[in-house]
Structures are given as C-alpha cells and as structure tokens.
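Working through the structure, step by step
This is what each chain is made of:
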Amino acid sequence: MNTALFVRILAFFGGPAEFGIHDPRANDGQGGVHVRSAKPALLPMLWARNKKGCHAYVRPGPVMEPHFLLIDDVDRERLAAQHGFVPDAPVATAKRGRMIVETSPGNHQVWIRSRRPLEDVEKSLWLSTLGSDPGAAPKGRWGRLPGFLNVKPKHERPDGSFPMARLLWLQ
C-alpha cells in the first residue's frame, strides 16, 4: 500500500483508523491479532509480516466505527445490484459513501459510510438484508487492507503466490 492510498482510506473513515495484523500460527492468547493505530510508518512492518503469512486488516477507529458497516463476501452481481458498481464503464462508478475492496478474484468487501451512527441491531439487520456473512458480528469488523496479500490457504495459487486485495472504489 502506498502512502497516498493510506491517506485516502483515513479520509474515508473520517479520522483515526486501526490496523490489525493476524498471525494464524500464533498461540498468544489473543488469537494472533495485534491492533495498532494506523500510521504510515507501520506500512513496511505490515508488508513484511504479510509476506510471511500474516493477514493485514483495517477498520475505522472507535469514535467513527458506529458510522460504518462492512459487507463481506459480495460477488460481482451483488456489487452491481446493491452498490451500483459498474467497473467496465469508461469511468468506474458506484454509489457514494462506499469503499469497495476485491479481496480475492470475484470476491469483495464493501464498507458503507452512514451519516448517522448505526446501532448494532440495525447493522445486523443490514448485514442480513444485504446477504453478508450471517455469523459476522456487526461491531468492530475488520476489512482486508487494500494493497496487501490475501494469504488464506484456499487462495494460494499453484506457484505459491497469493492474490492482492485491491481497492476498486473509494468515494
């Protein structure tokens, strides 16, 4: 991830954000998740850990978290129907207040920004209505960090590489 992209994500989240690094091999009593304030100086460390098999995540800081909803496991058809995302137009378009991240080929996460805080019950209703992962908790959700590898074993390619989470839309 470059610094300009990082600055755009912080602006989208309306202030401080958090990075999470998850080491699936860790047995540290914390589930291998380590949270840090999102700062550009941490990007090289995150990248180094990501290349060694750790997952890199991002989420809005606690003050702005109630204003955001993360929809997971969104395919291309639902991107178009629910979020107005048309990637093949001469200029890609989507609804405002969205950050769309392709987490692996054909699979996406969509952050939706709300003008008002959303209660957890309301978030749960929206998650169900929009077809997100039904077991996902509505509060404190982590999204894949664009510009970093999705190192889930099921996404490993025959050559040993992994797909990169790509930012497709941010407005």
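For the structure itself, look to the data block above.
Residues numbered from 1 in each chain as written. Predicted model: local features only at pLDDT ≥ 70, side-chain atom pairs only at ≥ 80, totals over all residues. Heavy atoms only, no water.

1. Let's talk about the overall build of the protein chain
Keep this limit in mind: Put simply, DSSP marks the helices as runs of H or I at least four residues long and the strands as runs of E at least two long, and each gets a number from the N terminus on. In this description the radius of gyration comes from C-alpha coordinates, and the expected globular size is given by 2.2 Å times residues to the power 0.38. Between buried and exposed lies partly exposed: a residue is buried under 20% and exposed over 50% of the maximum accessible area for its type, with that area taken using a 1.4 Å probe on protein chains only. Contacts between residues were defined by any pair of non-hydrogen atoms, one from each residue, lying within 4.5 Å. For every accessible area listed, the method is Shrake-Rupley and the probe measures 1.4 Å; residues are considered covered only by the protein chains on display. Note on charges: Lys and Arg go in the positive column, Asp and Glu in the negative column, and His and the chain ends are not counted at all. We put the charge of a Lys on NZ, of an Arg on CZ, of an Asp on CG and of a Glu on CD.
If you tally the helices and strands in the protein chain, you get four helices and eight strands. The helix and strand sequence of the protein chain, counted from the amino end, reads α-β-β-α-β-β-α-β-β-α-β-β. Rg of the C-alpha trace for the protein chain: 16 Å, near the compact-globule value of 16 Å for 171 residues, within the 12% margin. If you line up the protein chain on its principal axes, its C-alpha atoms span 35 × 35 × 30 Å. Sorting the 171 residues of the protein chain into buried and exposed places 44% on the buried side. The contacts of the protein chain with a sequence gap of at least 6 include a subset with a gap of at least 24, amounting to 67%. Surface accessibility of the protein chain: about 9000 Å² in total, with carbon and sulfur atoms responsible for 56%. Between the averaged position of the 24 positive side-chain charges in the protein chain and that of its 16 negative side-chain charges there is a distance of 6 Å.

2. Structural notes on unusual backbone geometry
With a phi close to 60 degrees, Asp73 is a non-glycine residue in the positive phi region. Following the sequence through the fold, Asp73 ends up in strand β4 (residues 68-74). What makes Asp73 partly exposed here is its relative accessible area of 38%.

3. Here's the deal with the nonpolar core
Operational definition: Put simply, a nonpolar core is a bunch of buried Ala, Val, Leu, Ile, Met, Phe, Trp, Tyr and Cys residues held in one set by side-chain atoms that sit within 4.5 Å of each other.
With 24 residues, the main nonpolar core has Phe13, Phe19 and Met99 as its most contacted residues. With five residues, helix α1 (residues 3-13) is the largest single contributor of residues to this core.

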